Amino acid sequence: MSSNAQTVFPPSADFAAQANATAAMYERAEADPQEFWAEQARRLDWDTPFTQVLDWSNAPFASWFADGKLNVAVNCVDRHVTAGKGDRVAIHWVGEPIDDHRDITYSQLKDEVSRAANYLAGIGLQAGDRVAIYMPMVPEAIISMLACARLGLTHSVVFAGFSSAALRSRVDDAEAKVVITTDGQYRRGAPAPLKAQVDEALGSGADAAPSVEKVIVVRRTNHDPELPWVDGRDVWWEDTVGEASPEHQPEAFDAEHPLFLLYTSGTTGKPKGIVHTSGGYLTQASYTFHNVFDHKEGRDVFWCGADIGWVTGHSYLVYGPLSNGATEVIYEGTPNSPDEHRHFQVIEKYGVTTYYIAPTLIRTFMKWGREIPAAHDLSSLRLLGSVGEPINPEAWRWYHEVIGGGRCPIVDTWWQTETGGIMVSPLPGVTACKPGSAMRPLPGISANVVDDNGVPVADGEQGYLVLDQPWPGMLRGIWGDEQRFKDTYWSRFAEQGWYFAGDGARYDEDGALWVLGRVDDVMNVSGHRISTAEVESALVSHSAVAEAAVIGAADETTGQGIVAFVILMEGAADTGEELIKALRDQVAVDISPIAKPREINVVPELPKTRSGKIMRRLLKDVAEGRELGDTSTLVDPSVFEAIRARRG
Ligand code: PRX
């Protein structure tokens, strides 16, 4: 792999000649980062122009463009209509059922967002209130997000694949007043209930979620004529938002007004509500969309395959593309619904030019075989993107050749829920790419690779990835937990004042950055972030389990797969398959089916150090079938014989 991986793919002269980005941007940004970001912020319409750029005096709490005021939704919708582009399609929405589709122009989007804003304001919501959005990929999900933005309400989108328990903890933590959902969602061709999960989450009587006043339900699957209904709390979208006026006068908010919370996994069992604000976040989403995706207004058709439940969906399905007046595809279903041709049919039908997905999907396409994409005309594609996990050079090459026909640059974009927008990526038309490397921090962004003491490591050596300068889209905190914010991101290199990303990385001899994956107890499964502690806590919540240790083991398709080792309670019966199924179900109920372990091993003991710390590194060796590393610090090195014997 290494010699192959070093092949460099320079941009073609044709692409370079028309590219939005230029090499000079790096120099300009370096010479005066604040002026550079101010220039990017002027991509947006400000009701009150800012005079300040960055205030870092209260680090690690940043303020960007603090005396400016703007309305995020106006920037994403109204201003395009005002500029005479109202008839442009904003969203080609593609439902999971094959003939279900809907095009929404910017004018229509403005009307829909205004209706939703009028209704939400009418029920008394005020700027700063939180709204939970628990929805599949329907247009109303995006309309809801934008309606919140328009009113200064802070949205908290919860991935519709999360369980009711996960929804409840997020609703309670944010004290959301409203939950917006659908009656059901399509899953591989069949409707599955969703509102029922909201009911379960919100509880009733003494157990009712205290903050929630209203549940707004979009009719999507219509699968249940007897849909349970809580009078006074539940309303249909069509009867409320649908009846509201499409005229709404927006108000401007401070640049630092909170735009959204997004919960993400950390190293403990409790998800963190990452806080993003308005002006800086939108600046970075807009700037990166324009330059990294080389967006050409009125010509490109962009498709980001992420779900709105993740940060990629926030920044590159909603705020990045729409602030740039883009036309985009939003697809509701899974890539093999009804069959493996679906994505390629969509690319062909809508003439998708720019396609942004996770490596796990690329590897899935590889497994399905090249004849599937080959059956379609994919010649509209001109740029490909990758996000969420390291892309292995083999997958990169396949993507380049089979999907991109050898002509499309690939942008491998490194970033995080916490960073708000893309941080490290090639600039298409500028950067000569090495498959597997995210290449270089974007103009305006500064990253370094350092050792435990914060000393930059030599080229070629592995270290910790840190961001040593603030950036506009950076998280402003963890909702309700200032201390955790400082501890998690800013304590490791407190002296230097750097943000610790939690990833290992190295710069190679040519200055290309290779991100090597997490160095903490966070797993990355199909580009989804799941903490080992969360899964362990779900497993031990089952009455048969005394202790659990969870690790992410290398997996050919999903990047990492979840492998669990459990010790049973004294007297609990090991019923084999039945027990394993019960434990996997327990994880689905507590977190989500996406967090179900690939493998659960019932073992007599876990490998621990004398201080009682579970040696996850050694369990990883076992799960990945390697020779064991150093076992000398273990209390009882012989536990591995027993563990191996149980795995067979
Ligand atoms: O480990 C890195 C990995 O995903 C983590 C962030 O996960 P999340 O907040 O869920 O956001 C995912 C979408 C931006 C990072 O700490 N990661 C993300 N993109 C890449 C990546 N690892 C390597 N290469 C990437 N391009």
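Residues numbered from 1 in each chain as written. Predicted model: local features only at pLDDT ≥ 70, side-chain atom pairs only at ≥ 80, totals over all residues. Heavy atoms only, no water.

Q: Quick one: what's the story with empty space enclosed by the protein, residue by residue and with numbers?
A: Under the counting rule described, the total for this entry stands at 3 cavities of 30 Å³ or more. There is about 60 Å³ of room inside the largest cavity. Along the walls of the largest cavity sit 13 residues, with Val-72, Ala-149, Phe-253, His-257 and Ser-278 positioned nearest its centre. (1 Å grid on protein atoms, 1.4 Å probe; cavity = no way out; pocket = protein on both sides within 12 Å on 5 of 7 lines; lining within 4 Å. Points joined across faces, edges and corners; volume = space filled by probe spheres on them.)

Q: An account of the sheet that holds strand β21 (residues 447-450) is requested, with residue identities and associated values reported.
A: Note: strands within a sheet are paired through backbone hydrogen bonds, in either parallel or antiparallel orientation. Taken in spatial order, the 4 strands line up as β21-β22-β24-β25 in an open sheet, and their pairing is antiparallel. Of all strands in the sheet, those with a lone pairing partner are β21 and β25 (513-518), marking the two edges. Recorded for the sheet is a direction-independent mean angle of 45 degrees between the axes of neighbouring strands. Where strand β24 (residues 499-507) and β25 come together, 5 bridges link them in antiparallel fashion. Paired with Asp-503 across the strands is Arg-518, a residue of β25. (Pairing = 2+ DSSP bridges. Helix = DSSP H or I, 4+ residues; strand = E, 2+ residues; numbered from the N terminus. Axes fitted to C-alpha atoms, helices over the stretch in contact; angles between N-to-C directions.)

Q: Any chance you could break down the site of the ligand for me, citing the residues and the numbers?
A: Within the structure, the ligand sits among 17 residues, and Asp-412, Thr-413, Thr-417, Asp-503 and Arg-529 are positioned closest to it. Between the ligand and Pro-390 there is a distance of 3.4 Å, counted from a nitrogen atom to a backbone nitrogen or oxygen. Thr-417 is positioned with one of its side-chain polar atoms (N or O) 2.6 Å from an oxygen atom of the ligand. About the coverage of the ligand: the protein hides 96% of its 540 Å² of free accessible area. Looking at the shell around the ligand residue by residue, the classes come out as 6 nonpolar, 6 polar and 5 charged. (Near = heavy atom within 4 Å. Polar contact = N/O pair within 3.5 Å; in protein donor to acceptor, adjacent residues only side chain to side chain. Areas by Shrake-Rupley, 256 points an atom, 1.4 Å probe, with all protein chains shown as cover. Nonpolar A, V, L, I, M, F, W, Y, C, P; charged D, E, K, R; others polar.)

Q: Residue-level account of the nonpolar core, with values.
A: The biggest cluster of nonpolar side chains holds 113 residues, and the ones touching the most others in it are Leu-146 and Tyr-319. For this core, the leading source of residues is helix α7 (residues 139-151), giving 9 residues. Apart from residues no more than four positions distant in its own chain, Leu-146 is found in contact with Ala-73, Cys-76, Val-77, Leu-109, Val-113, Val-318, Tyr-319 and Leu-322. One finds Phe-159, Phe-162, Leu-167 and Ala-595 within the second-largest nonpolar core, a separate group that totals 44 residues. (Core = buried A, V, L, I, M, F, W, Y, C linked by side-chain atoms within 4.5 Å. Buried < 20%, exposed > 50% of the residue type's maximum accessible area, 1.4 Å probe, protein only. Contact = heavy atoms within 4.5 Å.)

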